[in-house]
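# Remarks on the overall topology
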Amino acid sequence: MEEEHKEVLPFRFKVSGNIIKKFGEESITNKNVAVLEIIKNSYDAGASRVEIFFKHEDIPEYASIEISDDGDGMTSSDLDNKWMNIATPNKQKQLINKKSNRPVVGEKGIGRLSSESLGKGSIITTYPKGETKGYEIKFVWDKYQEKDVLVGEIINEGSSFLKPKSKHGTKISINKLKNNWNDQNSQKELLKDIYLLNPPNKSLKDFKINPKFHQYVKDFKKIRKSFFLNAAYSLKTRLTKGNILKYEFCTINNKKKNGVIPLEKSLSC
């Protein structure tokens, strides 16, 4: 009898504005990782060059980071359906960028909120490839921390502008920085991590990161390829489709051992 008098009621989840901080500052392990995630986004966008500028890092209230690339940029639809859609599984579905033929390296959309973990405000300016319009969005991240505010209630100021059809890429400017970058060690540690994205023993011919740091940081030495020739041991592995991993183990005296390791499940390369 009770079933006959039931009224169907719609209940919907409400997403607190604090989720931006949860996915941004609180989910990213450190400031270097945040910068690297933005660089990975540039790589995934088909960029051949990324430039990183620190501006006024010695004056906290004016300090900013600017990361720009020459990638494909984003259309209005890309911004609306991908960049502004926090939980979109776009990168999980797309393993290879069809335009650049590169494996997708960014993780779960973290790069979109990395700027929140770095500063209190950011501006994204993007120039979609082959289009005559570009777009800009300004974010004031403190708005999402206001009491009882929901994500969908916050309006981020955006605009469109005319641009040359040949211009393409994206620039992210981050201001009111949360960390102090005005010391030698901070920028050197970041530079070390950036070099790890571009392995010293195998440079990426079609992707270059140009960090424009202070003069004292420019003297930081990269690992030379010759360094690896002095390794006591080396291990080379080869992954192919199937469930076999091939390897070659080699000592400094050039003694080699080859073998295979069966895997529990087949690889998708």
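Data block above holds the structure.
Since the model is a prediction, treat every value here as computed from it, not as a measurement. (Residues numbered from 1 in each chain as written. Predicted model: local features only at pLDDT ≥ 70, side-chain atom pairs only at ≥ 80, totals over all residues. Heavy atoms only, no water.)

Inspection of the entire model under this criterion finds 7 salt bridges. As a salt-bridge pair, E25 and K178 come within 3.0 Å of each other at their nearest N and O atoms. With E25 in the loop between α1 (19-23) and α2 (31-44) and K178 in the loop between β8 (169-177) and α6 (184-197), the pair connects residues that are 153 residues apart, well separated along the chain. The closest approach of N and O atoms between R49 and E51, which form a salt bridge, is 3.2 Å. Because the salt bridges share partners, they merge into one network encompassing E25, E116 and K178. (Salt bridge = Lys/Arg side-chain N within 4 Å of Asp/Glu carboxyl O. Helix = DSSP H or I, 4+ residues; strand = E, 2+ residues; numbered from the N terminus.)

What follows concerns the pairing of strand β2 (residues 64-69). Counting buried residues in β2 gives 6 out of 6 residues, a clear majority hidden from the surface. Side chains S64, E66 and S68 of β2 all project onto a buried face; the interleaved residues I65, I67 and D69 project onto the opposite face, where all are buried too. The sheet contact formed by strand β1 (residues 49-55) and β2 spans 6 bridges and is antiparallel. Counted as the bridge partner of V50 is D69 from β2. Alignment of β2 against β8, held across 6 bridges, turns out to be antiparallel. Opposite I67, over in β8, you have I172 as the bridge partner. (Buried < 20%, exposed > 50% of the residue type's maximum accessible area, 1.4 Å probe, protein only. Pairing = 2+ DSSP bridges.)

In spatial order, the strands read β7-β6-β5-β8-β2-β1-β9; together these 7 strands make up an open sheet with mixed pairing. Among the strands making up the open sheet, the edge pair consists of β7 (158-162) and β9 (208-212). Sheet twist, expressed as the average angle between the axes of neighbouring strands with direction ignored, equals 15°. Pairing geometry for β1 and β9, over 5 bridges, is parallel. Its bridge partner being in β9, I52 is matched across the sheet by P211. (Axes fitted to C-alpha atoms, helices over the stretch in contact; angles between N-to-C directions.)

This part takes up the packing of aromatic side chains. Counted under the stated rule, the structure contains 6 aromatic pairs. For the pair F54 and W181, a centre-to-centre distance of 5.0 Å together with 40° between the ring planes defines the contact as tilted. Taken together, the residues span a long stretch of sequence, with F54 in strand β1 and W181 in the loop between β8 and α6 at a distance of 127 residues. The two residues F54 and W181 agree in class, both being buried. An aromatic cluster is built from F139, W141 and Y144, whose rings are joined through pairwise contacts. Over the ring of W181 we find K31, and its NZ or CZ is 4.4 Å from the ring centre. Between K167 and the ring centre of Y127, over which it is positioned, the NZ or CZ distance is 4.3 Å. (Phe/Tyr/Trp six-rings, centres within 6.5 Å; stacked < 30°, edge-to-face > 60°. Lys NZ or Arg CZ within 6 Å of the ring centre and 35° of its normal.)

On to the side chain of N32. By the element assignment, N32 lies in helix α2. Given the relative accessible area of 8%, N32 is considered buried.

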